[in-house]
Amino acid sequence: MSKEKFELKLNNPLPQGVADALRTQVEKALSFLPDSGSGESGKPFIRLRIDGENAGKGYRIMRENAEKAVSIVGSDAASLVRGVYAFIEKFCGVRKYTYAPAVRQKEPPALPDIIDEKYEPFFEYTETDWLSPHSTEYSFFNGLNGTRYRKLPDEYGGSVGYISGFAHTFTNEFCSAKKYFKSNPEYFALRGIRRVRSQLCLTNPDVYGIVRQEVFDLLQKKHNPGAKLQIISLTQNDNLFYCTCENCRRADRKYGSHAGTVLEFVNRIADEVGAAGYDNVAIDTFAYRYTRRPPEGIKARDNVIVRLCTIECCFSHTIDDESCGANADFCKDLLTWSEICKRIYIWDYCTNFCNYTGIFPDFGTLQRNMQFFYESGVKGVYEEGNFQMEAECEFGELRAFLISKLMQNPYCDFNALRDDFCRSYYGGGAQYICRFLDIITENAAHRHLSIYEPMTSTLTLSREQIELCDSLWQEAKSRTRLAEHEHVLASEICWRWWKYKNRVSEFASPFTLRKQAELLKKDIAGLGVTRLSESTPFRAFFISMAHSHRTHAKTESVIKMLYRR
Ligand SMILES: [Zn+2]
Ligand SMILES: [Zn+2]
């Protein structure tokens, strides 16, 4: 098909941006498309349409025969955009692996004469961290729709997201301690004989009144009637200081869980928000740490989201692995929550928060967990990774890509996607890195893995296995150049960090340890990594390494800690 004959026919008014995106990508790919006829009227080749009946809740890509145009139908603008990008990916051979420009496959598939592809989203909300998910184009290609890093334009169907803060909003955004603690300490949690400013007393009627008013003020400012879903988060702070006043204790006892007291509060707000006609707004709360256990005798309203967090879980075993104690407990809670809440979102974790640069071997559980979430009726997923990431390290980009694809479809061909990504990202080094990933994934399955796991218990590798892994990284480096070589070096940091923490290989000898450690530090800083963990001291340390020596004295103690075994 020649470029001159190509034309988009838009059957109803469509966002210009959608049409432009499709046109640009299809034009890029035209030279690879076979001469495929020109449609009934001579010219049109691809039609875009919004049609709820034909597309279910998602999109449908159709072509009846070689003479006919391709039709992409979406149930709404967001679904149509997904359909457009699915077409570009699958039938034009274009991939968006990272924030770098999309890649055209060398040999894209021939455009089939007959196409009928249907898709319905598995989750209404999808979000993850790392670097590339910040890119809007990446989000379109790989199906991310949360608002943490992107604001998808309304004409593209918009984002699904939080118009309040994302998390831990009590005492910060709602009934702020800054504003009320001094004058009204009774609004805050009673611990022993004192009130503490970092949690609320949710049975205090004045607290309800304040939060309610602040929710309605927020709606007045930020409500968008055209949005698909807007969320207001009413969530406990990140500590265990729940209120122990008499009323709160009574409510906790009544529901058999602190979650009951929170849910009663949130349900009341949700009822008022619903009654005021905010049909596209949901109120979100946590089932996190002390509120994880499901309450008895209360159900979440339909417009309430409960975000259940996997923070206590093990990540080398799947969530539904009954032989793993931490996961079996979580699994029970999830299934009970799903009986009392129609809108569970999962807040899941996919990095080591004490060792951002260290190996986190969870690749063997990502797919089954996502399937299990879906099968348990979960409606949204946030995969919290290295949200402070400023430069690639560990397998951040690979992980972001795989997680995004799993949220798009938990039943995708995971290994094929992994290999495909690695071929593009690591070039000639791909097969060695995939082999390394297989070794650590298999090894990790023999023990539990928390998100704070020390490197000394993350893997147990024999001397032979360590030598094998060393040789795999050497091969990967020797077979790559330019950007692909840089990617190998960045990912290799996680292996070097593991070896350093375990004092093996080049870090085994006490005579050269310091020199090797200096080299590792220099390479990490050289990549632009500014944090080794979620906590701040290492950040100060790396800033001092990379930019100046001004803070050196201050961070000396941290450096010592880093070097101490
Ligand atoms: Zn209380
Ligand atoms: Zn386990």
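Residues numbered from 1 in each chain as written. Chains lettered and ligands numbered in written order. Predicted model: local features only at pLDDT ≥ 70, side-chain atom pairs only at ≥ 80, totals over all residues.

A. Region of interest: the overall build of the chain. For the chain, the count of helices and strands is 18 helices and 16 strands. Expressed as a percentage of the 565 residues in the chain, the buried residues total 44%. Long-range contacts, defined here as pairs at least 24 residues apart, represent 68% of the contacts in the chain between residues at least 6 apart. (Helix = DSSP H or I, 4+ residues; strand = E, 2+ residues; numbered from the N terminus. Buried ≥ 20, exposed ≤ 12 C-beta atoms within 10 Å, placed from the backbone. Contact = placed C-beta atoms within 7 Å.)

B. Highlighting the nonpolar core. Ranked by internal contacts, the top residues of the largest apolar core, which has 113 residues, are Leu200, Cys201, Val266, Ile269, Ile283, Val304 and Val306. Here this core spans two domains, since at least three of its residues come from each of domain 2 (125-427) and domain 3 (507-565). Residues contacting Cys201, with those up to four places away along its chain left out, are Glu186, Tyr187, Phe188, Ala189, Leu190, Val207, Cys243, Cys245 and Cys248. Core analysis: the next-biggest nonpolar cluster, separate from the first, contains 27 residues, Ile61, Leu80, Tyr85 and Phe140 among them. (Core = buried A, V, L, I, M, F, W, Y, C linked by C-beta atoms within 7 Å. Domains from an automatic or database assignment.)

C. The arrangement of the environment of Phe91 in detail. Within the fold, Phe91 resides in helix 3 (residues 77-91). Overall, Phe91 belongs to the buried group, with 22 C-beta atoms counted inside 10 Å. Counting along the chain gives 19 residues from Phe91 to Ala110, while the straight-line C-alpha distance between them is 7.3 Å. Excluding residues within four positions of it along the chain, Phe91 makes contact with Pro109 and Leu111.

D. Structural detail: the confidence of the model for the chain. Averaged over all residues, the pLDDT of the chain is 88; the fraction at 70 or higher stands at 87%. Residue range residues 1-6 is modelled with pLDDT below 50. Its contacts to residues more than four positions away, or to other chains, number 13 contacts. Confidence over residues 540-565 falls short of pLDDT 50; this stretch has 24 contacts with residues more than four positions distant or in other chains. (pLDDT = per-residue confidence, 0-100.)

E. Up close: the sheet that holds strand 16 (residues 380-384). The seven strands are arranged 8-16-15-14-13-12-9 in an open sheet whose pairing can be described as parallel. The open sheet is flanked by strand 8 (125-128) and strand 9 (161-162), the only strands paired with a single partner. Relative to strand 12 (residues 230-233), strand 9 runs parallel, the two being bridged by two bridges. Directly across from Gly161, in strand 12, lies its bridge partner Gln230. (Pairing = 2+ DSSP bridges.)

F. Representation of helix 12 (residues 414-426) in the model. Taking 1.5 Å of rise per residue, the 13 residues of helix 12 would be expected to cover 18 Å, and the 17 Å separating its terminal C-alpha atoms lies within 8% of that figure. Listed as buried for helix 12 are Leu417, Arg418, Phe421, Cys422, Tyr425 and Tyr426. Angular distribution of buried residues about the axis of helix 12 spans 130°; they occupy a single face of the element. Buried residues along helix 12 sit against helix 11 (396-408), helix 13 (430-444), helix 14 (463-478) and helix 15 (482-502). Following helix 12 by one or two positions, Gly427 adopts a phi angle in the positive range, close to 50°. (Expected span 1.5 Å × (residues − 1). Arc of directions from axis to C-beta.)

G. Looking closely at the environment of Asn142. Tracing the chain through its elements places Asn142 in helix 4 (residues 136-142). Separated by 46 residues in sequence, Asn142 and Lys96 place their C-alpha atoms 7.6 Å apart. Setting aside its immediate chain neighbours within four residues, Asn142 contacts Lys96, Phe401, Ser404, Lys405 and Gln408.

H. Helix 6 (residues 205-222), seen in detail. Under the 1.5 Å per step criterion, the end-to-end length of helix 6 is 26 Å for 18 residues, consistent within 8% with the ideal 26 Å. Along helix 6, the positions that sit buried rather than exposed are Val207, Val211 and Val215. Buried residues of helix 6, viewed axially, fall in a sector of 65°; they line one side. Seen from the buried face of helix 6, the exposed residues on the opposite side, beyond 90 degrees, are Pro205, Gly209, Gln213, Asp217 and Gln220. Those residues of helix 6 hidden inside the fold are in contact with strand 11 (194-200), strand 12 and helix 8 (258-275).

I. A look at unusual backbone geometry. Of note in this structure, Glu394 is not a glycine but carries a positive phi near 50°. For Glu394, a count of 27 C-beta atoms within 10 Å translates into the label buried. A positive phi angle, near 50°, is found at Arg503, a position not held by glycine. Mapped onto the elements of the fold, Arg503 is located in the loop between helix 15 and helix 16 (513-527).

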